[in-house]
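What follows is each chain in one-letter form.
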Amino acid sequence: MFLSTPFSDVIDRVEGTLASPDNVYERHLSAMAEMYEDAEAVAAAGDPVIYKVYEKKIPELAGELQWCMSVTLPGKIGREYYMTKGHFHEVRDTAEIYLCVRGTGYMLMETEDGQSKALEMNPDVAVYVPARWAHRSVNTGGEPLISFCVYPGDAGHDYGTIETEGFRKRIVEIDGRPAIIDNRPSS
Ligand code: PAN
Ligand code: ZN
């Protein structure tokens, strides 16, 4: 049974907004402070907005598709670039497509069994995030990193694993360029 009626909306590729979002949220540094490697830099940064999401409200059913705009702002905490919290999907066997429309960065991905992958994001690059891969957008450029995201209606978000374990890799600036480094194990 299909519960949605047909609709359309308009994407602003410059701002990353939808013309008629049903839900908008901003994630501040304070909501993800422990995810950055440099606690002193976190303390010195105040509480900037790191990213924003503009969502449509779609039934959380397997046959539906969620869609949203994800806007990661430019900046760094210490040497580490602004990034999203990142998550697995609650329903693990659900994939996602990101279509980058503005900015420069990476989609950082990893599996629970230890595989890692970082794919570059630039305008018109579409990234396929397979089922069972956690994913995080990292903005390594000087303008907002904006993507249009589509994923199964029932996927849900599991932030817990990333909140406690972190990603195995970090993307930081070294010698003026992005570098993908191993995350230090917490002692
Ligand atoms: C995206 C993300 C969005 C924000 O819509 O939810 O980029 O990132 P976090 O959810 O990690 O805070 C998506 O991947 N949805 O499944
Ligand atoms: Zn996702």
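Residues numbered from 1 in each chain as written. Chains lettered and ligands numbered in written order. Predicted model: local features only at pLDDT ≥ 70, side-chain atom pairs only at ≥ 80, totals over all residues. Heavy atoms only, no water.

Some remarks on the coordination of the zinc ion (ligand 2)
Link 1 in the chain: Around the zinc ion (ligand 2), the donor atoms from the protein are His87 (NE2), His89 (NE2), Glu96 (OE) and His135 (NE2), and they sit 2.0 to 2.3 Å away.
Link 2 in the chain: Bound by six donor atoms, the zinc ion (ligand 2) shows angles of 76 to 173° at the metal and therefore octahedral coordination geometry.
Link 3 in the chain: Counting the intervening residues between successive donors of the zinc ion (ligand 2) yields the motif H-x1-H-x6-E-x38-H. With a gap of 39 residues between them, Glu96 in strand β6 (residues 96-102) and His135 in strand β10 (residues 133-139) connect regions that are remote in the sequence.
Link 4 in the chain: Looking at Glu96, the relative accessible area reads 3%, which means it is buried.
Link 5 in the chain: His135 gets classed as buried once you look at its relative accessible area, which sits at 2%. (Donors = N, O, S within 2.8 Å, 3.2 Å for Na, K, Ca; no water. Tetrahedral: all angles 85-135°; square planar, octahedral: opposite > 155°, others 65-115°. Helix = DSSP H or I, 4+ residues; strand = E, 2+ residues; numbered from the N terminus. Buried < 20%, exposed > 50% of the residue type's maximum accessible area, 1.4 Å probe, protein only.)

Brief notes about unusual backbone geometry
One can expect most non-glycine residues to show negative phi and most peptide bonds to be in trans.
Link 1 in the chain: Positive phi, normally seen in glycine, also occurs at Arg132, with a value near 75°.
Link 2 in the chain: Tracing the backbone shows Arg132 in the loop between β9 (126-129) and β10.
Link 3 in the chain: On the basis of relative accessibility, which here comes to 41%, the residue Arg132 falls in the partly exposed class.

A short note on the pattern of salt bridges
Link 1 in the chain: Under the defined criterion, the tally for this structure stands at eleven salt bridges.
Link 2 in the chain: With a shortest N-O distance of 2.8 Å, Glu80 and Arg170 are connected by a salt bridge. A residue pair is termed long-range when its members are at least 10 positions apart, and Glu80 in strand β5 (residues 80-81) and Arg170 in strand β12 (residues 169-174) qualify at 90 residues. Across the pair, exposure class does not vary: Glu80 and Arg170 are buried alike.
Link 3 in the chain: One salt-bridge network, held together by shared partners, links Arg92, Glu112 and Asp158. (Salt bridge = Lys/Arg side-chain N within 4 Å of Asp/Glu carboxyl O.)

A few points about the site of ligand 1
Link 1 in the chain: Taken together, 18 residues sit near ligand 1, with Tyr51, Ser70, Glu96, Tyr98 and Tyr159 positioned nearest.
Link 2 in the chain: At a separation of 2.8 Å, an oxygen atom of ligand 1 approaches a polar backbone atom of Gly86.
Link 3 in the chain: His135 has a polar side-chain atom sitting 3.2 Å from an oxygen atom of ligand 1.
Link 4 in the chain: When atom positions are compared with the pocket grids, ligand 1 is found to occupy the largest cavity.
Link 5 in the chain: If you list the elements that add at least two residues to the shell around ligand 1, you get β1 (23-28), β2 (49-55), β3 (65-72), β6 and β11 (145-152).
Link 6 in the chain: For the shell around ligand 1, the class distribution of residues is eight nonpolar, seven polar and three charged. (Near = heavy atom within 4 Å. Polar contact = N/O pair within 3.5 Å; in protein donor to acceptor, adjacent residues only side chain to side chain. 1 Å grid on protein atoms, 1.4 Å probe; cavity = no way out; pocket = protein on both sides within 12 Å on 5 of 7 lines; lining within 4 Å. Sits in = over half its atoms within 2 Å of the grid points. Nonpolar A, V, L, I, M, F, W, Y, C, P; charged D, E, K, R; others polar.)

Side note on the packing of aromatic side chains
Link 1 in the chain: For the structure shown, the criterion picks out two aromatic pairs.
Link 2 in the chain: For the pair Phe7 and Trp67, a centre-to-centre distance of 5.6 Å together with 15° between the ring planes defines the contact as stacked. Taken together, the residues span a long stretch of sequence, with Phe7 in the segment before β1 and Trp67 in strand β3 at a distance of 60 residues.
Link 3 in the chain: Since its relative accessible area comes to 15%, Trp67 is described here as buried.
Link 4 in the chain: On the numbers, 5.3 Å between centres and 80° between planes, the contact of Trp67 with Phe148 is edge-to-face. In this pair, Trp67 sits in strand β3 while Phe148 sits in strand β11, placing the two residues 81 residues apart along the sequence. (Phe/Tyr/Trp six-rings, centres within 6.5 Å; stacked < 30°, edge-to-face > 60°.)

Some remarks on the pairing of β11
Link 1 in the chain: For β11, the tally of buried residues reaches seven of eight residues, placing the bulk of the element in the interior.
Link 2 in the chain: Two strands pair when backbone bridges link them, and β3 and β11 are joined in this way by eight bridges, in the antiparallel orientation. Following the sheet pairing, Met69 is matched in β11 by Phe148.
Link 3 in the chain: Where β6 and β11 come together, five bridges link them in antiparallel fashion. Of the residues in β11, the one forming a bridge with Arg102 is Ile146. (Pairing = 2+ DSSP bridges.)

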